[in-house]
Amino acid sequence: MNIYEELKWRGLVQDISSPELIDKLNNGGLTFYIGTDPTADSMHIGHYSSFLISRRLKNAGHNPILLVGGATGLIGDPKPDSERPMISKEEVEHNFKGLKAQAEKIFGFEVVNNFDWTKEINVIDFLRDYGKYFNINYMLAKDKVKSRLESGITYAEFSYMILQALDFLYLFENRDCTLQVAGSDQWGNITSGIELIRKKTGKEAYGMVMPLVVDSTGKKFGKTEGNALWLDKNKTSSYEMYQYLVNLEDSMIIDYLKKLTFLSKEEIERLEVCNNEHPELREAHKALAREIITDLHGEDEYNKAVQISEALFNGDVKNLSVEDILVGFKDVPHFDIDKDCNILDLLVNNGICTSKREAREFINSKAISINGEKITDENVVINKDLALEGKILVIKRGKKKNYIGLYNY
């Protein structure tokens, strides 16, 4: 397959601005840019899909520029249903530095900041040199603006598409950038840039958008949606990333493999057969997790995520560090232990069992374990000697209920 055919097969092309772009993509040599605003100091899995296309195009002989919008981030791209909260200049600068470092580390490409060419433009020049090329009726017809007309849209948000068009024009004139690539929600902003370039220079530029990567509910990933799967492992650990991906709905896994990995068509088709015939093996899901986590954080982090996952599933926590356990059991109930106590008191006082009678029933049926060891004696005293590294107890009730006890003395 040539690059355009591959992108189509992977589901990475939703629309292009001109049929001419197909040959240009297949022939190589284009300079293109893809951007994001610094609304947070880390990218998430939605960015990963979009920015991966820069690597695919680079491999096909094109030249990528990654733009982090220090200027546009101060305004905010209009949301379809409400005004985006405005963030401070200090926060935008902090987020820009984080995203720039992350993008350079993961993708290895040049990162530019649109604040560098926007900061010196005064309001009169902005209106005369750029605003006069935008017809209000044209702007009102854009989906993002149209969706906000009933609830209201501020002039600042309304002007966002001009700022993004200005970026495309600047990179076109100064970096010979003739293509902008983005998620499908940016189509209106991209075509505005193409029109501005055509009107000011008489030359042609191009745009390509890809479908957004969405979660199982159909929502795109992001900070605003509250479902961000962060690329920063300090925000979303490799274990958490692994758990999300291996538990992904079967119906979504092949789409994710196509968009989020460089596995070949043949390998993905093999995994699709396996997913259909033996879904219980989760082979496609594990391949997805391996490819993404290894690419983002390295093979050691992937192996660590697998180790934690298997140890927690089997209840064999003794070979895990306290840090690994806290990561793996991040969302289970935690409580502090400040003195030695009887096992019955521990279970009842911390809500693991509702009464001493129930606690005895669980112990007698061998349904209570601490750090992987079954508790069979209701008179046992729980003390710090039983804790892993003298700090932590992993208490399991039945097959699925887990609790974390932390020693604070």
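Further up the page is the structure itself.
What this report covers is the structure whose coordinates are included nearby. (Residues numbered from 1 in each chain as written. Predicted model: local features only at pLDDT ≥ 70, side-chain atom pairs only at ≥ 80, totals over all residues. Heavy atoms only, no water.)

Thoughts on the pattern of salt bridges
Here's step 1: Here the structure, examined in full by the defined rule, presents 21 salt bridges.
Here's step 2: A salt bridge links Lys-233 to Glu-301; its shortest N-O distance comes to 3.6 Å. Placement of the pair is Lys-233 in the loop between strand E6 (206-210) and helix H12 (238-246) and Glu-301 in helix H16 (residues 299-314), with a sequence separation of 68 residues.
Here's step 3: Take Lys-233: its relative accessible area is 39%, and that puts it in the partly exposed class.
Here's step 4: Judged by its relative accessible area of 17%, Glu-301 falls in the buried class.
Here's step 5: Between Arg-290 and Glu-291 there is a salt bridge whose closest N-O contact spans 3.3 Å. (Salt bridge = Lys/Arg side-chain N within 4 Å of Asp/Glu carboxyl O. Helix = DSSP H or I, 4+ residues; strand = E, 2+ residues; numbered from the N terminus. Buried < 20%, exposed > 50% of the residue type's maximum accessible area, 1.4 Å probe, protein only.)

Quick word on helix H14 (residues 265-277)
Here's step 1: The end-to-end C-alpha distance of H14 is 18 Å, a good match for the 18 Å that 13 residues give at a rise of 1.5 Å each.
Here's step 2: Among the residues of H14, those classed as buried are Ile-268, Leu-271, Cys-274 and Asn-275. Taken down its axis, H14 places every buried residue within 120° of arc, on the same side. Exposed residues lying more than 90 degrees from the buried face of H14 are Glu-266, Asn-276 and Glu-277.
Here's step 3: Packed against the buried residues of H14 are helix H1 (3-9), helix H13 (250-260) and helix H15 (283-297). (Expected span 1.5 Å × (residues − 1). Arc of directions from axis to C-beta. Contact = heavy atoms within 4.5 Å.)

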